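Summary of structural features
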Amino acid sequence: LTKLQRVYLEIPFAKERSGPKILLRMTRGPTRSCIAFHCHGAYATSTSQIPLNSPTECEGGKLFFFVNNSLHEIPRSIGSITQHPPNALHGVTSVTKGSRKSLFVVDKINSTEASVVKLSADLASLFTTSQALALKRKREIEKDFEAGAP
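Note that the structure is predicted; figures quoted are calculated from it, not measured. The residue numbers shown here count from 1 along each chain, following its written sequence. Residue-level local features of this predicted model are given only where pLDDT is at least 70; pairs of side-chain atoms are given and counted only at 80 or more, and the full residue set underlies all totals for whole chains, interfaces and linings. Where side-chain values are given, they derive from all heavy atoms of the structure, hydrogens and water being excluded.

1. Some details on unusual backbone geometry
With omega at 5°, the peptide bond leading from Gly-29 into Pro-30 counts as cis. If you trace the backbone, Pro-30 turns up in the loop between β1 (20-28) and β2 (35-38). The residue Asn-68 is not glycine, and still its phi comes out positive at about 50°. If you trace the backbone, Asn-68 turns up in the loop between β5 (63-67) and β6 (70-74). Only protein chains enter the accessibility calculation, which uses a 1.4 Å probe. A residue is then buried if its area is under 20% of the maximum for its type, exposed if over 50%, and partly exposed in between. A relative accessible area of 71% means that Asn-68 is categorised as exposed. Although it is not a glycine, Asn-69 adopts a positive phi angle of roughly 60°. Checked against the element boundaries, Asn-69 lands in the loop between β5 and β6. Put simply, DSSP marks the helices as runs of H or I at least four residues long and the strands as runs of E at least two long, and each gets a number from the N terminus on.

2. Some points on the side chain of Arg-100
One can find Arg-100 in strand β9 (residues 95-107). Residues counted as positive are Lys and Arg, residues counted as negative are Asp and Glu, and His and the chain ends are not counted. Every case where a carboxyl oxygen of Asp or Glu lies within 4 Å of a side-chain nitrogen of Lys or Arg is listed as a salt bridge. Despite its burial, Arg-100 pairs with no opposite charge, the nearest such side chain being Glu-73 at 9.2 Å. N or O atoms within 3.5 Å of each other form a polar contact, as long as, within protein, one can give a hydrogen and the other can take it, and as long as residues adjacent in sequence are counted only when both atoms are side-chain atoms. Side-chain polar atoms of Arg-100 contact the backbone oxygen of Gly-61, separated by 2.7 Å. Every residue pair with non-hydrogen atoms within 4.5 Å of one another is taken to be in contact. Those residues within four positions of Arg-100 in sequence are excluded, and the remaining contacts are Arg-25, Met-26, Thr-27, Gln-49, Asn-53, Cys-58, Gly-61, Leu-63, Arg-76, Val-92 and Val-95.

3. Notes on the sheet that holds strand β8 (residues 89-92)
Sheets are built from strands that pair by backbone hydrogen bonding, the pairs being arranged parallel or antiparallel. Paired strands, in this sense, are two strands between which DSSP finds at least two bridges. Here we have 4 strands laid out as an open sheet, ordered β2-β8-β5-β6, and antiparallel in their pairing. Strands with a single pairing partner mark the edges of an open sheet, and in this sheet they are β2 and β6. Ignoring strand direction, the axes of neighbouring strands in this sheet form an average angle of 20°. What counts as an axis is a line fitted to C-alpha atoms, over the stretch in contact for a helix, and the angles between N-to-C directions run from 0 to 180 degrees.

4. Considering the confidence of the model for the protein
Residues at a pLDDT of 70 or more form 73% of the protein, whose mean pLDDT is 79. pLDDT is a per-residue confidence score from the predictor, ranging from 0 to 100. Strand β4 (residues 58-60) holds the highest mean pLDDT among the elements of the protein, 94, whereas helix α2 (residues 121-146) holds the lowest, 62. Note that pLDDT drops below 50 for residues 113-119; the model gives that stretch 4 contacts with residues more than four away or on any other chain.

Structure (structure tokens):
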């Protein structure tokens, strides 16, 4: 988490802002809501998003950007990072099955929805550690399978 905060401070104008805030978001399907296409306001210098679970663990929850009059789906592989400036038009489709988990790094002054639950640093660390351990175990199983282990 400390490394993410340091990287955030390398974003132009970020030092002039309030500093970074780390958020965890989990959306469980089925839900009929989505995150409508939007741009961030003057409160944002940048938004970074890191998927914490595999896209195979949910249906829907697709991230799209609208750039140069075209719609672009952004792949969300576990542990990857997507970073965008506040003027990037983007949205997310509804999660129809399973859970979609993400870690966000945003400006402290970025408004959050009423449904956001604030976690202590210890709970956030526990959440991300459990996700990392699950990914490590999954990779071990895949490696054993590829090697032909019973």
